[in-house]
Amino acid sequence: AAGVIQSPRHLIKEKRETATLKCYPIPRHDTVYWYQQGPGQDPQFLISFYEKMQSDKGSIPDRFSAQQFSDYHSELNMSSLELGDSALYFCASSFYRGTEAFFGQGTRLTVV
Amino acid sequence: GIQVEQSPPDLILQEGANSTLRCNFSDSVNNLQWFHQNPWGQLINLFYIPSGTKQNGRLSATTVATERYSLLYISSSQTTDSGVYFCAVEPGSSNTGKLIFGQGTTLQVKP
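These figures come from a predicted structure and were not determined experimentally.

## Some thoughts on the sheet that holds strand β3 (residues 19–24) of chain A
Residues and elements named next belong to chain A.
Thought 1: Taken in spatial order, the four strands of this open sheet run β1-β3-β8-β7, and their pairing is antiparallel. In the strand order of this sheet, the two ends are held by β1 (5–7) and β7 (64–68), each with one partner. Taken pair by pair, the neighbouring strands of this sheet meet at an average axis angle of 15 degrees, ignoring direction.

Below, the structure written as structure tokens:
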């Protein structure tokens, strides 16, 4: 069965650079979520989209933005990167809000 | 906001042993999921269980929503069961599907 696809899997950036993470949800899933997991921590909700509209917002820095496109894929844009942004970034998708969410393999971002 | 507490925080088992992991939550929930994060960082769905009992092979889970807890049972543990087990809930006040995670239980199964 198709899963959530995230790219890239690994990314190394320098401080103050920008990064773009991509997420392709499971086919027919209309809801996308982004989470950030720091080392040794649990995943923290960042932002979600339902039918291409932002549906909820968590502890996402103002330096980050995201959107969901007409084909339902989503991109997380991160600017002015800081060392503290180093983390595993997960995208998840579900068929409608509040149903079972499935997670991608994550993008490991390292800021040096 | 809702608090999600998992216990125990760490667990070491011998292969073949059984275990019970607990997840307590402080308010009503719409959705509850259990995940296994393997050593490569993948979050693997175990159960979608807002209420009731489900079983999948050696794993089973029970959620008693009225008493605000869920249990994950692992029987005849294997070394491949090692990793971090997360409970995650969608608060009852939310209608967006966002999940709030507990801090996890780190399980190590020794051969």
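## Examining unusual backbone geometry
Thought 1: Cis geometry marks the peptide bond from Ser7(A) to Pro8(A); its omega dihedral reads -10 degrees.
Thought 2: Here Pro8(A) shows up in the loop between β1 and β2 (10–13).
Thought 3: In this model, Ser7(B) is joined to Pro8(B) through a cis peptide bond whose omega is -10 degrees.
Thought 4: Tracing the sequence through the fold places Pro8(B) in the loop between β1 (4–7) and β2 (10–14).
Thought 5: The backbone of Glu51(A) shows a phi angle near 50 degrees, a positive value even though the residue is not glycine.

## Description of the state of the cysteines
Thought 1: Inspection of every chain in the model, using the stated rule, returns two disulfides over all chains.
Thought 2: Two residues, Cys23(A) and Cys91(A), share a disulfide whose sulfurs are 1.8 Å apart. Measuring handedness by torsion sign, the sulfur bridge of Cys23(A) and Cys91(A) sits at about -55 degrees and is left-handed. Remark: Cys91(A) occurs in strand β9 (residues 87–94) and Cys23(A) occurs in strand β3; sequence separation between them is 68 residues.
Thought 3: Overall, the relative accessible area of 0% leaves Cys23(A) in the buried class.
Thought 4: Covalently, Cys23(B) is tied to Cys87(B) through a disulfide, its sulfur atoms 2.0 Å apart.

Calculation notes
Residues numbered from 1 in each chain as written. Chains lettered and ligands numbered in written order. Predicted model: local features only at pLDDT ≥ 70, side-chain atom pairs only at ≥ 80, totals over all residues. Heavy atoms only, no water. Pairing = 2+ DSSP bridges. Helix = DSSP H or I, 4+ residues; strand = E, 2+ residues; numbered from the N terminus. Axes fitted to C-alpha atoms, helices over the stretch in contact; angles between N-to-C directions. Disulfide = S-S within 2.5 Å. Buried < 20%, exposed > 50% of the residue type's maximum accessible area, 1.4 Å probe, protein only.

Bear in mind that shape data such as this cannot, by itself, settle questions of function.
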